[in-house]
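# Structural features, examined
The primary structure of each chain is shown beneath.
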Amino acid sequence: MMTLSGSLIHRLVPYFSAQIRRNSRLLSSSSALRESVLSSSESPSPSTDTVRLTNNCVRRMKELQAEESSMTLLRLSIEAGGCSGFQYNFSLDDKTNNDDRIFEQDGVKLVIDNISFDFVKGATVDYVDELIRSAFQVSTNPSAVGGCSCKSSFMVK
């Protein structure tokens, strides 16, 4: 049994290593592209790309803000991982960082760091309340070519 599992591990290590290198290259090339665009222009023009919030998302965030004493922000970030290569990570935050983009709708703020924004330009964030779970999710993402059925991970174009 030990040699069988050891053999399996030795066969899977190169696959996972290649996936990690691929995801790392995608993230670093996105960051390098953004930096080269910013450094090539004297004053960067305002981006016309936005991230939209659905009415369900706004309603749920207002409910959460009413429960909290401080202003609560919804933070969306992208991490390498998940079953499709990248995964959406939602969290509640009370502060913004220097590299954040802020999208506001009806008093609700969505905060996304610049690197993650490259992966969700033009996306729509929703709040779904289903039997199996209740969660924020990205319902549409023009930067994604596929993903898992639970909409928590995606593949980039």
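Predicted model only: the values in this text are computed from it and were never measured.

### Some words on the pattern of salt bridges
Taken as a whole and judged by the stated rule, the model has 5 salt bridges. Here Glu-63 makes a salt bridge to Arg-59, at a shortest N to O gap of 3.0 Å. Note that Glu-63 and Arg-59 are positioned in helix 2 (residues 55–67) at a spacing of 4 residues, about one turn of the helix. Several salt bridges converge on common partners, so that one network encompasses Arg-59, Arg-60 and Glu-63.

### Thoughts on the side chain of Asp-126
Note that Asp-126 resides in strand 6 (residues 124–129). The exposure class assigned to Asp-126 is buried, which follows from its relative accessible area of 14%. Reaching out from Asp-126, the side chain makes a polar contact with the side chain of Thr-54 at a distance of 2.6 Å. Excluding anything up to four places from it in sequence, Asp-126 contacts Thr-54, Asn-56, Cys-57, Ala-135, Phe-136, Gln-137 and Ser-139.

### A word on the sheet that holds strand 7 (residues 134–140)
Strands in a sheet are paired, the pairing made by backbone hydrogen bonds, and the direction either parallel or antiparallel. Here we have 3 strands laid out as an open sheet, ordered 1-6-7, and mixed in their pairing. With partners counted over all chains shown, the strands left at the sheet margins are strand 1 (52–53) and strand 7, one partner each. The pairing of strand 6 with strand 7 spans 6 bridges and is antiparallel. Counted as the bridge partner of Tyr-127 is Phe-136 from strand 7.

### Describing the pairing of strand 6
A large share of strand 6 lies buried, amounting to 5 of its 6 residues. Strand direction decides the pairing type here: strand 1 and strand 6, joined by 2 bridges, are parallel. Its bridge partner being in strand 6, Leu-53 is matched across the sheet by Val-125. Here strand 6 folds back onto strand 7 in antiparallel fashion, the turn holding 4 residues.

### Quick look at the packing of aromatic side chains
Counting across every chain of the model gives 4 aromatic pairs. Ring geometry for Phe-103 against Phe-117: centres 5.5 Å apart, planes inclined by 25°, an arrangement best described as stacked. Placement of the pair is Phe-103 in strand 4 (residues 100–105) and Phe-117 in helix 3 (residues 114–120), with a sequence separation of 14 residues. Relative accessible area serves as the criterion here: at 12%, Phe-103 is assigned to the buried category. Since its relative accessible area comes to 0%, Phe-117 is described here as buried.

### Some points on the confidence of the model for the protein
Residues with a pLDDT of 70 or more make up 64% of the protein, whose mean pLDDT is 77. Of all secondary-structure elements in the protein, the lowest mean pLDDT belongs to helix 1 (residues 2–40), at 57, while strand 5 (residues 108–113) reaches the highest, 95. Of the regions scoring below 50 in pLDDT, residues 30–48 engages in 10 contacts with residues more than four places distant in sequence or in other chains.

### Quick look at the nonpolar core
Counting residues in each nonpolar core, the largest one holds 26 residues, and the members touching the most others are Val-51, Leu-76, Leu-110, Ile-112, Val-120, Val-125 and Phe-154. If you list the elements that add at least two residues to this core, you get helix 2, strand 2 (73–80), strand 3 (86–93), strand 5, helix 3, strand 6, strand 7 and strand 9 (153–156). Of the residues forming this core, the biggest block, 4 residues, is contributed by helix 2.

How each quantity is defined
Residues numbered from 1 in each chain as written. Predicted model: local features only at pLDDT ≥ 70, side-chain atom pairs only at ≥ 80, totals over all residues. Heavy atoms only, no water. Salt bridge = Lys/Arg side-chain N within 4 Å of Asp/Glu carboxyl O. Helix = DSSP H or I, 4+ residues; strand = E, 2+ residues; numbered from the N terminus. Buried < 20%, exposed > 50% of the residue type's maximum accessible area, 1.4 Å probe, protein only. Polar contact = N/O pair within 3.5 Å; in protein donor to acceptor, adjacent residues only side chain to side chain. Contact = heavy atoms within 4.5 Å. Pairing = 2+ DSSP bridges. Phe/Tyr/Trp six-rings, centres within 6.5 Å; stacked < 30°, edge-to-face > 60°. pLDDT = per-residue confidence, 0-100. Core = buried A, V, L, I, M, F, W, Y, C linked by side-chain atoms within 4.5 Å.

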